[in-house]
Structure formats: structure tokens, C-alpha cells
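Per-entry structural report
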Amino acid sequence: MTTPNTATPVTTTASRAKKVVADAAVETGAATKQAAETTVAAAQDAVTKNYEQAVALTKEQVEKASKKAFEAYEELTSFNKETVDALVQSSTVLAKGLENLSKSFVAYAQSSLESSVAATKALLAVKTLREAVDLQSEFAKTSFDTLVSEATKTSELSVKLANEAIEPISARVNAVVTKFGKPRLAA
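Residues numbered from 1 in each chain as written. Predicted model: local features only at pLDDT ≥ 70, side-chain atom pairs only at ≥ 80, totals over all residues. Heavy atoms only, no water.

Some points on the overall build of the chain
- If you tally the helices and strands in the chain, you get 2 helices and 0 strands.
- Taking 187 residues into account, the globule formula puts the C-alpha radius of gyration at 16 Å, and the chain, at 53 Å, lies well above it.
- By principal-axis analysis of the C-alpha atoms, the chain measures approximately 190 × 25 × 15 Å.
- Looking at the chain as a whole, 7% of its 187 residues qualify as buried.
- Counted over contacts in the chain with a minimum sequence separation of 6, partners at least 24 positions apart contribute 80%.
- A total of about 15100 Å² of accessible surface is found on the chain, and carbon and sulfur atoms cover 65% of it.
- Here the chain carries 22 positive and 22 negative side-chain charges, and the mean point of each set is 7 Å from the other. (Helix = DSSP H or I, 4+ residues; strand = E, 2+ residues; numbered from the N terminus. Rg over C-alpha atoms; globule rule 2.2 N^0.38 Å. Buried < 20%, exposed > 50% of the residue type's maximum accessible area, 1.4 Å probe, protein only. Contact = heavy atoms within 4.5 Å. Areas by Shrake-Rupley, 256 points an atom, 1.4 Å probe, with all protein chains shown as cover. Lys, Arg positive; Asp, Glu negative; His and termini not counted. Charge placed at Lys NZ, Arg CZ, Asp CG, Glu CD.)

See below:
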């Protein structure tokens, strides 16, 4: 008979098997936990790297876009300044030209008035009607010739002034057509 405290080889083997299985389960659980922690850490690293790359790429694109926007703004500002300068230059030419035309008109009016005064004095000094008619005919012919000459001179000055005044504006229009008339390539 066996004594109650004595273990049989089967129960000892079963106990050992249970212990081995329990130890294997603990080791498997620990390995699974370690694998899960490693996987989670790798996933977190990957997400962090992807996030950092996305932020860096976005920052780079925003910087490029901002740089292009500022360059375009500076270019537009410079272009508009050049246009305003052309308008100022045109206005200056026009003002000087109108001043010269005004001086020409005043000089003609003064010359005409002096001629009229001289003709009136000469007309008052005539002794015969024939002298008065001849003097008046000569005065009318001279006045008409002077008027035609002055009108031609004024017309030529006006055309020259218009061409000179429009030149800076025409140059800006050509610049606009050249700059904005061509398709721009994306840089």
C-alpha cells in the first residue's frame, strides 16, 4: 500500500507538465507583451516620423508660396511705380509743351497787336484814299500770311507735343503687353 503522503510518478509528471505549461504561458504572455510594446513603439515612431515629414513638407511649401507671393507683390509694386513714373514724365512733358504753346500764343497776340497799332498809326497819317486802301490791303495780306504761318507753327508744335507726351505712356503699354501678353511658365 501506499502512504498518503507519497507522490506517485504520474502525479509528479503532471505537476511538472502543469508547471512547464504555466511557465510557457507566462513566457508566451511576456513575449506577446514585449512584441505588442515593440509594435506599438514602432507604430508610434512611424506616425511621429510621418507627422514630422508632413509638417516639414507643409512648412517648405508654405515658405515657397510665401516667397513667390512676396516676389510677385514686389514685382507688381515696382511695375506700378514705373507706370506712375511714366505718367509723371508724360505730364511734365505736356505741361512744358503747353507752357511753350502759351508763350507762342502770347507772342503772336503781342506781335499782332503791335502790327495793328502800327497799321492804325500809318492809316491815320495817309493823305489819300488810295494810300489808305493800299495800306489796308497790305496790312490784311501780312496779317493773313502771319496767321497762316502761326497756325502751321502751332499745329506742328501741337503734334510734336502730343507725340512727346504720349511716348512714356506708350512705352509702358508696350511693357505691359510684353510682360503680361506672354503665357507665364510655372516656376
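Some details on the side chain of Arg172
- As for its placement among the helices and strands, Arg172 is situated in helix α2 (residues 129-181).
- Only 3.1 Å separates the side chain of Arg172 from the side chain of Glu82, close enough to count as a polar contact.
- If sequence neighbours within four positions are ignored, Arg172 has contacts with Phe79, Glu82, Thr83 and Ala86. (Polar contact = N/O pair within 3.5 Å; in protein donor to acceptor, adjacent residues only side chain to side chain.)

Brief notes about the side chain of Ser104
- Among the structural elements, Ser104 can be located in helix α1 (residues 9-124).
- Discounting chain neighbours no more than four positions away, the residues touching Ser104 are Glu150 and Lys153.

Side note on a nonpolar patch on the surface
- Among the surface-exposed residues, Phe144, Leu147 and Val148 lie close enough to one another that they form a single nonpolar patch of about 280 Å² accessible area.
- Position of Leu147 relative to the elements: it lies in helix α2. (Patch = residues over 30% accessible without salt bridge, like charges linked within 9 Å, V, L, I, M, F, W, Y side chains within 5 Å. Salt bridge = Lys/Arg side-chain N within 4 Å of Asp/Glu carboxyl O.)

A look at the packing of aromatic side chains
- The final tally for this structure, using the stated rule, is 0 aromatic pairs.
- For the cation-ring pair, Arg172 lies above Phe79, with the distance from its terminal atom to the ring centre recorded as 4.3 Å. (Phe/Tyr/Trp six-rings, centres within 6.5 Å; stacked < 30°, edge-to-face > 60°. Lys NZ or Arg CZ within 6 Å of the ring centre and 35° of its normal.)

What about the pattern of salt bridges?
- Overall, the coordinates contain 8 salt bridges when judged by the stated rule.
- Put simply, Lys64 and Glu60 hold a salt bridge, and the shortest N to O gap is 3.5 Å. On the criterion of helical spacing, the pair formed by Lys64 and Glu60 is a turn pair, its members being 4 residues apart in helix α1.
- Its salt-bridge partner being Arg172, residue Glu82 comes within 3.1 Å of it at the nearest N-O pair. Residue Glu82 is found in helix α1, and its partner Arg172 is found in helix α2; the two are separated by 90 residues along the sequence.
- Classification of Arg172 by relative accessible area gives buried; the value is 13%.

Brief notes about the environment of Leu57
- Inspection of the secondary structure assignment puts Leu57 in helix α1.
- Residue class for Leu57 comes out partly exposed when judged on its relative accessible area of 48%.
- Between the alpha carbons of Leu57 and Asp134 there is a distance of 98 Å; along the sequence they are 77 residues apart.

Details of the environment of Leu147
- On the accessibility criterion, Leu147 (42% relative accessible area) is partly exposed.
- A C-alpha to C-alpha distance of 20 Å links Leu147 and Lys160, two positions 13 residues apart in sequence.

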